[in-house]
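Given next are the chains, with one letter for each unit.
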Amino acid sequence: MMPVVKTLSVEGAIGPSADKFLVRQPTQEEAEAAVRTLLLWAGDDPSREGLADTPRRVAKAYKEFYKGYAEEPRRILDRVFEEVEGYRDMVLVRDIPFYSHCEHHMVPFVGKAHIGYYPSKGVVGLSKLARIVDVYARRLQTQETMTAQIADVIEEVLEPRGIAILVEAEHMCMSMRGIQKQGSSTMTSQYRGVFRDDTAEQVRFFTMVKSPGM
Ligand SMILES: [Zn+2]
């Protein structure tokens, strides 16, 4: 069979990985064989009954976990923003759940993102912000990079007067490995525009994020 060569570009990636790179897309059989190797590496027997279908399931699950590579976040925001007559105050979408995988161990980190911005050109449908978070989460990530990428794309497309992002997550690679700090969470933030320039705006954002829900 002829190898399929695809050009992939990791949208919004920072540093050298932002360049396009050539890969030969592995076949389903190759992906399943790799899973069998990892089952052996873990110390199990890939031929036992309970594991017979596991490589196929894992390959399928990977399509789901990492489907963010095939999506273009700019396009999600691009065509949906609407004019807002006179609305100049903060738009805050909080508690957007996400499921990601750390790029160091390919182990899940799970948490919530909160996005606040002051519109200038317009606003986007609230569900679009959740989709942006999802696209970046469904790639191999660090929490820091993901937080910056969400801020970058919103800044670029919406050109808000300010944007604030807060991401809080529990990293299974911390909970399950070595140090085993169960229940500890990591917070990352990005403040741009008025949020960067005015700490009172950061406090307002944080207070709104942490205020009791409805
Ligand atoms: Zn990790």
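These numbers come from a predicted model, not from an experiment.

1. As for the coordination of the zinc ion
- Within the first shell, the zinc ion binds the protein through Cys102 (SG), His105 (ND1) and Cys173 (SG), at distances of 2.2 to 2.3 Å.
- Of the residues examined, histidine 105 reaches a relative accessible area of 35% and is grouped as partly exposed.

2. Comments concerning the sheet that holds strand S6 (residues 162-171)
- If you walk across this open sheet you meet the five strands as S5-S3-S4-S6-S7, and the pairing is mixed. Sheet topology places strand S5 (140-141) and strand S7 (186-193) at the edges, where each strand pairs with a single neighbour.
- For S6 and S7, the ladder comprises eight bridges, and the chain directions are antiparallel. Pairing of isoleucine 163 across the sheet is with arginine 192, part of S7.

3. Considerations on the packing of aromatic side chains
- This model, assessed by the stated rule, comprises seven aromatic pairs.
- Ring centres of phenylalanine 65 and tyrosine 66 lie 6.2 Å apart, and the angle between their planes is 90°; on these two criteria the pair is classed as edge-to-face.
- Grouping aromatic residues by their ring pairs yields a cluster made of Tyr118, Tyr191, Phe195 and Phe205.

4. A short note on the environment of tyrosine 66
- As for its placement among the helices and strands, tyrosine 66 is situated in the loop between helix H2 (54-65) and helix H3 (73-78).
- With 69 residues separating them along the chain, tyrosine 66 and valine 135 place their C-alpha atoms 8.7 Å apart.
- Setting aside residues up to four positions removed in sequence, tyrosine 66 forms contacts with His101, Met106, Arg138, Arg139 and Leu140.

5. Side note on helix H4 (residues 126-137)
- In this model, H4 (twelve residues) spans 17 Å end to end at C-alpha, consistent with the 16 Å of a helix rising 1.5 Å per residue.
- Listed as buried for H4 are Leu129, Ile132, Val133, Val135, Tyr136 and Ala137.
- On its buried face, H4 sits against H3, strand S3 (91-102), strand S4 (108-118), S5 and helix H5 (143-158).

6. Focus: the pattern of salt bridges
- For the structure on display, the rule yields 16 salt bridges.
- Here arginine 48 makes a salt bridge to aspartate 44, at a shortest N to O gap of 2.8 Å.
- Residue arginine 48 is classed as partly exposed on the basis of its relative accessible area of 38%.
- The class of aspartate 44 is partly exposed, set by a relative accessible area of 31%.
- Note that aspartate 152 is salt-bridged to arginine 192, the shortest N-O span being 2.9 Å. Pair noted here: aspartate 152 is in helix H5 and arginine 192 is in strand S7, with a separation of 40 residues, a long-range link.

7. Here's the deal with unusual backbone geometry
- You will see that aspartate 95, though not glycine, has its phi angle at about 60°, which is positive.
- Relative to the assigned elements, aspartate 95 resides in strand S3.
- The residue methionine 106 is not glycine, and still its phi comes out positive at about 55°.
- If you trace the backbone, methionine 106 turns up in the loop between S3 and S4.
- In this structure methionine 106 comes out as partly exposed when scored by relative accessible area, which is 38%.

8. A word on the confidence of the model for the chain
- Confidence along the chain averages 88 in pLDDT terms, with 85% of residues attaining 70 or more.
- Within the chain, the element-level pLDDT minimum falls on strand S1 (residues 5-8), averaging 52, and the maximum on S5, averaging 98.
- In the predicted structure, residues 11-18 sits below a pLDDT of 50 and forms 15 contacts with residues beyond four places in sequence or in another chain.

9. Regarding the environment of proline 119
- Its location among the elements puts proline 119 in the loop between S4 and H4.
- By relative accessible area, proline 119 is classed as buried at 1%.
- Considered as a pair, proline 119 and isoleucine 163 are 44 residues apart in the sequence and their alpha carbons are 8.9 Å apart.

Reading the values: rules and limits
Residues numbered from 1 in each chain as written. Predicted model: local features only at pLDDT ≥ 70, side-chain atom pairs only at ≥ 80, totals over all residues. Heavy atoms only, no water. Donors = N, O, S within 2.8 Å, 3.2 Å for Na, K, Ca; no water. Buried < 20%, exposed > 50% of the residue type's maximum accessible area, 1.4 Å probe, protein only. Pairing = 2+ DSSP bridges. Helix = DSSP H or I, 4+ residues; strand = E, 2+ residues; numbered from the N terminus. Phe/Tyr/Trp six-rings, centres within 6.5 Å; stacked < 30°, edge-to-face > 60°. Contact = heavy atoms within 4.5 Å. Expected span 1.5 Å × (residues − 1). Salt bridge = Lys/Arg side-chain N within 4 Å of Asp/Glu carboxyl O. pLDDT = per-residue confidence, 0-100.

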